[in-house]
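Inside the fold
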Amino acid sequence: MIEHSAEKYECVQKTDVLKGYLEHFREVSINNEIPGLLSFFFMQGQCALPYVRIPIGKSNIDPRVSVFWIQDTRTGKSVAYEIIQNTMSQAGLDCVDYSTGTDAALVGSFRQEDADSPPTVREGVLAGRKGMNFDEGSILLKPSKHSENTVLFLQSALNAAGTGRNVLTKHLADGTITIESLVSLWITTFPPDGIKEYVLDKGIFQRVLTYWRHWTLEMKKDINQLLAESVYSIPKYTVSFEEVVEFFEQTRRRLKRRVLELSDIAPLEWDEMSESDQDIVVGNLKHQMFQPDDAYVPALMSAIDDYYSAVEVMSPDKQGICSSFIMGLQNYTNVLAHHMAMIEGTWVVRGDHIDMAKEILLDLYGNLIQWLESEINIGAGASEKKKMEGY
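So, here's what we can say about the structure. The structure presented is a predicted model; accordingly, all values stated were derived computationally and were not measured.

Conventions and cut-offs
- Residues numbered from 1 in each chain as written.
- Predicted model: local features only at pLDDT ≥ 70, side-chain atom pairs only at ≥ 80, totals over all residues.
- Heavy atoms only, no water.
- Helix = DSSP H or I, 4+ residues; strand = E, 2+ residues; numbered from the N terminus.
- Buried < 20%, exposed > 50% of the residue type's maximum accessible area, 1.4 Å probe, protein only.
- Contact = heavy atoms within 4.5 Å.
- Areas by Shrake-Rupley, 256 points an atom, 1.4 Å probe, with all protein chains shown as cover.
- Lys, Arg positive; Asp, Glu negative; His and termini not counted.
- Charge placed at Lys NZ, Arg CZ, Asp CG, Glu CD.
- Phe/Tyr/Trp six-rings, centres within 6.5 Å; stacked < 30°, edge-to-face > 60°.
- Disulfide = S-S within 2.5 Å.
- Pairing = 2+ DSSP bridges.

Another aspect to go through is the overall build of the chain. Within the chain, the secondary structure is distributed over 16 helices and 12 strands. Counting the 391 residues in the chain, one finds 51% classified as buried. Contacts in the chain between residues at least 24 apart in sequence constitute 75% of all its contacts with a sequence separation of at least 6. Carbon and sulfur atoms make up 50% of the accessible area of the chain, which totals about 17,900 Å². Considering the chain, the positive charge centre built from 37 side chains and the negative charge centre built from 55 side chains are found 3 Å apart.

Right, dumping it as structure tokens:
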């Protein structure tokens, strides 16, 4: 069972800036350390996105981390994004909020300034690199044609950069809009009826890290008391907020410098290149940017074994449902291992980086399985209850 505490993880114990960032996160969103830890990778993924591709066979994945956080209302989900947004903004990373809207808001639309001018494209919020907050993500779970379109766009947006599968196209009367989406999604919701059924059936949950937690009345009371004690108090930090922001700025500069050195491109020449040309350069460097050590693949194989061990004891029908998340876990194991290397500032991604990633992901996976099997049926719909009957 997950302890819902980030301090036990090796990556936190070894890294002052990660430990320091969590101190700031706790002051804003109390008792939500796991989302706090994931938010660090969410931000670092956007830092690394212009420069890092992780080769998988003939294709690649990218360093983005997206999160779906399911938790009771008034437990710190919405306020948590304040520190994420503040950190990203000060580090020069784009960050937007999205509550609801049309396909045009997501993908784009044509706009005509006046009768004599031809329509011009206005790109939607999914275009380009940015962190994107879906507060109260239950809007994605409502069974309507609009929400289904939204989910399809989001699934495509999370496909790997550099593969062409993250390009969204919408055909309109005035023409066709095509955008490349490089967003990282931070989605939060209370657990509405039917959400379990959605997690079981919809592909977006294989592309995000899902974190669920039920808050008891006693937990909520404890938070109220802690907030009461914090009135007029002055928090103390081991790492200043400015140092946290500087870490992300330094990470971005270090990654850019690495790309320029490997490609023998001058900084001015790089800045004058189009984003598509830069992406070609980065794609060509995907085998050189980082190098795995000899323990990397054996550690990854061991992680895969551990993920499957969590479902091998289940009945065949449970196995089919729960094992569908493992490919996403495997990809995120590679991604987070590279995040661990970036935190250390090394270009060698090692087997122990895989182990640190697995430590977090195995907890998240166990927590997800426990929720899907839960006898409490929080957020369960009729179809889901039938599907899980006998579990």
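Moving on, we get to the packing of aromatic side chains. Taken as a whole, this structure holds 14 aromatic pairs when the rule is applied. Each ring, one from F40 and one from F41, has its centre 6.1 Å from the other, and the planes form 90°; the classification is edge-to-face. Grouping aromatic residues by their ring pairs yields a cluster made of Y21, F25, F40, F41, F247 and F248.

All right, on to the environment of F190 then. Counting through the fold element by element, F190 comes out in the loop between β9 (175–189) and α7 (195–201). Of the residues examined, F190 reaches a relative accessible area of 30% and is grouped as partly exposed. Between the alpha carbons of F190 and N367 there is a distance of 17 Å; along the sequence they are 177 residues apart.

In total, this model carries 0 disulfides according to the counting rule given. Residue C47 stays outside any disulfide, its sulfur separated by 12 Å from that of C95, the closest cysteine. Residue classification places C47 among the buried positions, given a relative accessible area of 0%.

Here we take up the pairing of strand β8 (residues 167–172). Moving residue by residue along a regular strand, the side chains alternate between the two faces of the sheet. Here 6 bridges tie β8 to β9, and the two strands are oriented antiparallel to one another. Counterpart to L168 in the pairing with β9 is I179. The hairpin formed by β8 and β9 contains 2 residues between the paired strands.

Our focus in this paragraph is the pairing of strand β7 (residues 128–134). Among the 7 residues of β7, 5 are classified as buried, and the element is accordingly described as predominantly covered. In this sheet, β7 lies alongside strand β4 (residues 95–98) in parallel orientation, the contact comprising 4 bridges. Note on β7: the bridge partner recorded for V96 is M132. One ladder, built from 7 bridges, connects β7 with β9; its direction is parallel.

Purely spatial values, then, with no claim about function.
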